[in-house]
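Chains, contacts and geometry: an overview
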Amino acid sequence: GGADIECDMLVLGAGPGGYSAAFRAADLGLKTVIVERYASLGGVCLNVGCIPSKALLHVAAVMDETTHFAELGIEFAPPKIDIDKLRAHKEKVIGKLTGGLAGMAKGRKVEVVRGYGAFLDPHHVEVELTTGDAQDKTGDKKVVKFKHCIIAAGSQAVRLPFMPEDPRVIDSTGALELKAVPKRMLVIGGGIIGLEMATVYSSLGARIDVVEMLDGLMQGADRDLVKVWEKKNAHRFDNIMLKTKTVAAEAKDDGIWVKFEGDKAPADAQCYDLVLVAVGRSPNGRKIAADKAGVAVTERGFIEVDNQMRTNVPHIFAIGDIVGQPMLAHKAVHEAHVAAEVAAGQKSSFDALQIPSVAYTDPEVAWAGLTEDQAKAKGIKYDKAVFPWAASGRAIANGRDEGFTKLLFDSETHRIIGGAIVGTHAGDLIGEVCLAVEMGADAVDIGKTIHPHPTLGESVGMAAEVAHGSCTDLP
Ligand code: FAD
């Protein structure tokens, strides 16, 4: 049959990958359509990921900060938590951003078709239209014919098959709904998402247990950084169970009873008021009938792409969580721009030297380029420079001098190959390291750059000074 809509570019999914791709494609003159099942644009990141988690983490950090103020001569009354107001604040933050995106789509004449998209063939997608806040199907369908397509259908939380269907067993989306603050909470999975949510719930008053199969929390970061976070956060946790598996769970009136196996497993089942499953995310590649378009999807649901973000079908691209790790919004956005530019005939390609990672815990942990673990695994000879924040005037003035800034340089070329920061605002500070890695800066370039004093950002310059052996010891 015919098509209801024809376009140059169809973007499937409106997360950070999808909306960025659509806006760039439209800016480059392509008639662009976005297909998205949810009412608002923004995908996981804006609706149930990056943004709501940071709105809550900000509140948690402010609450935690005030608990130290008695030492400084300022006393606050213990906080009274109005969880409905807090939830409303988070919703308002989301609304501002998703509303902004809707305006930007309109301004660019990007048409949004609301519904589930699935391929019919290499040039058509059928959309089962949806309505309302949920994903209620209206029963109507629309067929969109496209010249180019960018698949940006993202990922969803992995479920553990043995966990009972129960409102007290939640994933990150459920955690961000913030229905109530439990007394005892179990976080299954000690990665960034699990630890960010543990931070929020513990600041609001929950006691937390964490269970992690591997031998350390926050995998991916060098252990020296994680140690600083652990020391500062020990008070939040009753039990951190490493090298331990969750093997069974039962929903009873008094709570969710969970059984563990492994190094740190308690002998008996433990009872929790709330269990957060944060064991990773799986790509949505197997849900869009990609085979009908001839697009290859791996068993796990990933779509493989080349450095121009093309799938095995040259006019169909894929970006974001669905193409692989790291599943991060800034990676999706960068890939989105490449895909849209290539589709519009530009010579663009994905050649980023680094993709930064940040745990927005308190303190934050951020790393970019190679970690020490990665450099060692690759057999790269490197020099390391560390600037402890105990020597930073600003960190001391802030009462938060537990952090440090670390830079890694190639021993032969002296170029920076990576860096990491643990401390307050580490995520904001790592941007300079990202730029230095991309530009191939050496220690002199960074150390001789005048940084403002007294700032936390100065610690990047100080670390570089350490590296070329002329630390000026400015307090
Ligand atoms: P998504 O954001 O997953 O968007 C995909 C969109 O496609 C969705 O809106 C979905 O509804 C739609 N869709 C899927 N299939 C169909 C279909 N068949 N038809 C129509 N529509 C469809 N990343 C960071 O960089 N920083 C952070 O601080 C951060 N915090 C996070 C916190 C949490 C709790 C979570 C869960 C994730 C976080 N992430 C963070 C990861 C980040 O959210 C993702 O990497 C990012 O959203 C991926 O973007 P995407 O465009 O690939 O897909």
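About the cut-offs
Residues numbered from 1 in each chain as written. Predicted model: local features only at pLDDT ≥ 70, side-chain atom pairs only at ≥ 80, totals over all residues. UniProt positions renumbered as here; feature names shortened; annotations may be inferred. Pairing = 2+ DSSP bridges. Helix = DSSP H or I, 4+ residues; strand = E, 2+ residues; numbered from the N terminus. Axes fitted to C-alpha atoms, helices over the stretch in contact; angles between N-to-C directions. Contact = placed C-beta atoms within 7 Å.

Within an unreviewed UniProt entry, the label attached to the protein reads Dihydrolipoyl dehydrogenase, and the organism entered is Azoarcus taiwanensis. The Catalytic activity (unreviewed entry) comment attached to the protein in UniProt states, word for word, "N(6)-[(R)-dihydrolipoyl]-L-lysyl-[protein] + NAD(+) = N(6)-[(R)-lipoyl]-L-lysyl-[protein] + NADH + H(+)". Taken directly from UniProt, the Sequence similarities (unreviewed entry) text for the protein runs: "Belongs to the class-I pyridine nucleotide-disulfide oxidoreductase family."

1. A word on the sheet that holds strand β18 (residues 364-369)
Pairing within the open sheet is antiparallel, and its five strands lie in the order β17-β18-β21-β20-β19. On the outer flanks of this sheet lie β17 (357-359) and β19 (382-388), each paired with one strand and no other. Looking at each pair of strands side by side, their axes are set apart by 10° on average, direction ignored. The sheet contact formed by strand β20 (residues 404-410) and strand β21 (residues 416-423) spans six bridges and is antiparallel. In the sheet register, Lys-406 faces β21, and the bridge partner there is Ala-420.

2. Some words on the sheet that holds strand β8 (residues 184-188)
One open sheet holds the five strands; their spatial order is β7-β14-β8-β9-β10, and the pairing between them is parallel. Since the sheet does not close on itself, it has two edges, and those belong to β7 (169-170) and β10 (237-241), each with one partner. In the sheet, β8 pairs with strand β9 (residues 207-211) via five bridges, with the strands oriented parallel. Among the inter-strand pairings, Met-185 is bridged to a residue of β9, identified as Ile-208. Lying on the sheet, helix α6 (residues 192-203) is in contact with β8, β9 and β14 (274-277); it crosses β9 at an angle near 165°.

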